[in-house]
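Residue strings, one per chain:
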Amino acid sequence: MKSELQHIGRHAGTVLAGQLAVMAFGTTDTIVASRYSDDALAALSVGSAIFVSVYASLMGIFQALLPLWAEQRGAGQPLAIGRSLRQSMYLCVLACVLGMAVLLMPDALLRWTDVPDALQHEVKRYLAVLAWGLPPALLFRIYSALNQALGHPKLVTWLQLLSLLIKIPLSIWFTFGGLGLQPMGAVGCALATLLVNYTMFAIALWLVRVQDFYEPLALWAKLEPPDWKQLGYFCRLGVPAGLAILVEVTSFTLMALYVARQGSLSSASHQIAANLAAILYMVPLSLAIATSARVSYWRGAGNEAQARSLIQQCFKLSALIGIALAATLLIARGLIVDIYTDSPKVMALASWLLFSVAAYHVADCVQTYCIFVLRCYRVTVAPLLIYCVLLWGGGLGMGYWLTYEWQAGPAWQDWQATPMLFWACSAAALFVTAIAFSSILLKVIRTPESVQPLPVNLGTEPEH
């Protein structure tokens, strides 16, 4: 078991480095746009929120295929991996069409979110550029899931780190102009992302052609006609997973829109809290990805006992990591907030919010781990329903009601003028979510025979 935990630790560390590099994309664009103009930053804020919501939900569909490929690897079925990956290309085409349609025609969404008319034109230009960057982004996500399933995450991480080195100078150049190029504002950040996405995918495609460990998969075999049963199985697994990510992302982005009504002090403090929560989230996410790949491998190999033991050990590890990071956040909250701002008012409010962020993160570690491992057992619908009820209803909905609808006494009015009630409700909702997911996972691993290892022909896989 010690060697297994070391294997997962190396895998998770590699994934974490890549995820932090990807997160730095958004940080880079925020800094660059804020230095250009307030309007550029506003357009970037709205546009990136819409793009992330679309991309993350579609990305979740293909991330959910990771356990299937890892299971086939464990079962010694490399040709089945190649065939199912080729079939996933049909699903990718459909996802690209739907995603690009939303990004190229965002008028209804912009009206629904009350984006000012003066801002809409720049947001549309920003999204129009990113729409064409969606296909390579989704294809690279498939490549990433495949490498994680095969136990080779380093190639993905190196590409993500390389892309960051390309992204930073391009964003600066395209946004501010120079060397014969006119300034483009927020659209320049989008164009830099577009070029980086195609560069990453092109290099990934070249690696698939030249790396020896891909050869047993026969990835370049003739593309088979659509296998509708197989694609249907992909959708039954991937669509609920993608929608769950959409619920999770929108519960976060909508909170920011509601908090914006309270003014710049609350928005700035909330942005610091949200950014820290997102950075901390990368740790349990990386552990969850690595664990799900290894658990599926052992399930495919027919060793359910090893898979169960691994799940239990990594569950404890995830909870301990959450507690340790939350404690670090609380102890060093003053120093951390000081990195973000020099405003005494923002520092005071953000430091206060970090108490809820710490509690939020402990629950986030557990629920993130559970939802990824549950996908190894084809459990995706129940987590989606729980997310809808608790994250949208208990967290976002209750936070909105307590902040804007509840007729509170004078003692509570100071709380209602800050984002604290949103964060407290979200943390409480996430704790209930973590308990629910843990209960489902415990039940599933006690009856693993209810979900059989994946056969070569996914189209004949029974639904559980």
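Structure: above.
Residues numbered from 1 in each chain as written. Predicted model: local features only at pLDDT ≥ 70, side-chain atom pairs only at ≥ 80, totals over all residues. Heavy atoms only, no water.

**Student:** Outline the overall build of the protein chain, listing residues and values.
**Tutor:** Per the secondary structure count, the protein chain includes 17 helices and zero strands. For the protein chain, the spread of C-alpha atoms along the principal axes amounts to about 60 × 55 × 40 Å. Per-residue burial over the protein chain gives 53% buried out of 464 residues. In the structure as shown, the protein chain presents an accessible area of about 19800 Å², 68% of it carried by carbon and sulfur atoms. (Helix = DSSP H or I, 4+ residues; strand = E, 2+ residues; numbered from the N terminus. Buried < 20%, exposed > 50% of the residue type's maximum accessible area, 1.4 Å probe, protein only. Areas by Shrake-Rupley, 256 points an atom, 1.4 Å probe, with all protein chains shown as cover.)

**Student:** Tell me what's going on with the nonpolar core, and back it up with residues and numbers.
**Tutor:** W69, Y143, L146, Y377 and W423 are the most contacted members of the largest nonpolar core, which totals 144 residues. In this structure L146 touches W69, I81, L85, Y214, L217 and L219, once residues within four positions along its chain are discounted. (Core = buried A, V, L, I, M, F, W, Y, C linked by side-chain atoms within 4.5 Å. Contact = heavy atoms within 4.5 Å.)

**Student:** Describe the packing of helix α3 (residues 66–74) against helix α7 (residues 134–150), and please don't skip the residues or the numbers.
**Tutor:** In the contact formed by α3 and α7, the axes pass within 8 Å of each other and the chain directions differ by 35°. Crossing geometry of α3 relative to α7 is assigned as right-handed. Counting all contacts with α3, which are made through L66, W69, A70 and R73, the residues of α7 involved are I142, A145, L146, Q148, A149 and L150. (Axes fitted to C-alpha atoms, helices over the stretch in contact; angles between N-to-C directions. Left-handed = near helix turned anticlockwise from the far one by under 90°.)

**Student:** Describe unusual backbone geometry, listing the residues and the values that go with them.
**Tutor:** Of note, A218 is a non-glycine position whose phi angle comes to about 50°, a positive value. Within the secondary structure layout, A218 lies in the loop between α9 (186–210) and α10 (228–259). By relative accessible area, which is 30% here, A218 ends up partly exposed. A positive phi is found at R378, a non-glycine position, where the angle reads about 65°. By relative accessible area, which is 8% here, R378 ends up buried.

**Student:** Give me the pattern of salt bridges: which residues, what numbers.
**Tutor:** By the definition in use, this model includes nine salt bridges. As a salt-bridge pair, R294 and E4 come within 2.8 Å of each other at their nearest N and O atoms. Of this pair, R294 sits in helix α11 (residues 264–300) while E4 sits in helix α1 (residues 2–36), and the two are 290 residues apart along the sequence. Overall, E4 belongs to the buried group, its relative accessible area being 8%. (Salt bridge = Lys/Arg side-chain N within 4 Å of Asp/Glu carboxyl O.)

**Student:** Describe the layout of surface pockets, naming the residues involved and giving the relevant values.
**Tutor:** Roughly 310 Å³ of internal volume is contained in the second largest pocket. Lining the second largest pocket are 13 residues, with L85, M89, L205, V208 and W220 positioned closest to its centre. Only α4 (78–104), α7 and α9 provide two or more residues apiece to the lining of the second largest pocket. For the lining of the second largest pocket, the class distribution of residues is 12 nonpolar, no polar and one charged. (1 Å grid on protein atoms, 1.4 Å probe; cavity = no way out; pocket = protein on both sides within 12 Å on 5 of 7 lines; lining within 4 Å. Points joined across faces, edges and corners; volume = space filled by probe spheres on them. Nonpolar A, V, L, I, M, F, W, Y, C, P; charged D, E, K, R; others polar.)

**Student:** Would you mind going over empty space enclosed by the protein in detail, with residue names and values included?
**Tutor:** For the structure on display, the rule yields four cavities of 30 Å³ or more. If you add up the space inside the largest cavity, you get close to 90 Å³. Forming the walls of the largest cavity are E248, S251, F252, M255, Y360, L390, L391, G395, L396, S426, A429 and L430. Of all the secondary-structure elements, those providing two or more residues to the lining of the largest cavity are α10, α15 (381–405) and α17 (420–446). Residue classes in the lining of the largest cavity are distributed as eight nonpolar, three polar and one charged.

**Student:** Requested: an account of the packing of α1 against helix α8 (residues 154–176), with residues and values cited.
**Tutor:** At a minimum axis separation of 8 Å, α1 and α8 run at an interaxial angle of 5°. Judged on the interaxial angle alone, α8 and α1 are roughly parallel. Considering only residue class, the contact of α1 with α8 consists of 13 nonpolar, nine polar and four charged. (Parallel < 35°, antiparallel > 145°, perpendicular 65-115°, else oblique.)

**Student:** Would you mind going over the environment of V249 in detail, with residue names and values included?
**Tutor:** Within the secondary structure layout, V249 lies in helix α10. For V249, a relative accessible area of 17% translates into the label buried. Note: C-alpha distance between V249 and A49 (200 residues apart in sequence) is 9.0 Å.

**Student:** Please give an account of the side chain of S171 that cites residues and values.
**Tutor:** Among the structural elements, S171 can be located in helix α8. Looking at S171, its side chain comes within polar contact range of the side chain of D29, at 3.1 Å. Those residues within four positions of S171 in sequence are excluded, and the remaining contacts are T28, D29, V32, C189 and A192. (Polar contact = N/O pair within 3.5 Å; in protein donor to acceptor, adjacent residues only side chain to side chain.)

**Student:** Any chance you could break down the packing of aromatic side chains for me, citing the residues and the numbers?
**Tutor:** Aromatic ring pairs are reported here in terms of the distance separating the ring centres and the angle at which the planes meet. With the rule as written, the count across this model stands at 15 aromatic pairs. When the centroid spacing of 5.9 Å and the interplanar angle of 0° are considered together, the rings of F51 and Y55 count as stacked. Residue F51 and its partner Y55 are both found in helix α2 (residues 38–63); the two are separated by four residues, about one turn of the helix. Through a chain of ring-to-ring contacts, three or more aromatic side chains come together here, namely F140, Y143, F213 and Y214. One residue, R209, lies across the ring of W220, its end atom 4.4 Å from the ring centre. The ring of F372 carries the charged tip of R375 above its face, separated from the ring centre by 4.6 Å. (Phe/Tyr/Trp six-rings, centres within 6.5 Å; stacked < 30°, edge-to-face > 60°. Lys NZ or Arg CZ within 6 Å of the ring centre and 35° of its normal.)

Function cannot be inferred from these measures alone, as they are strictly geometric.
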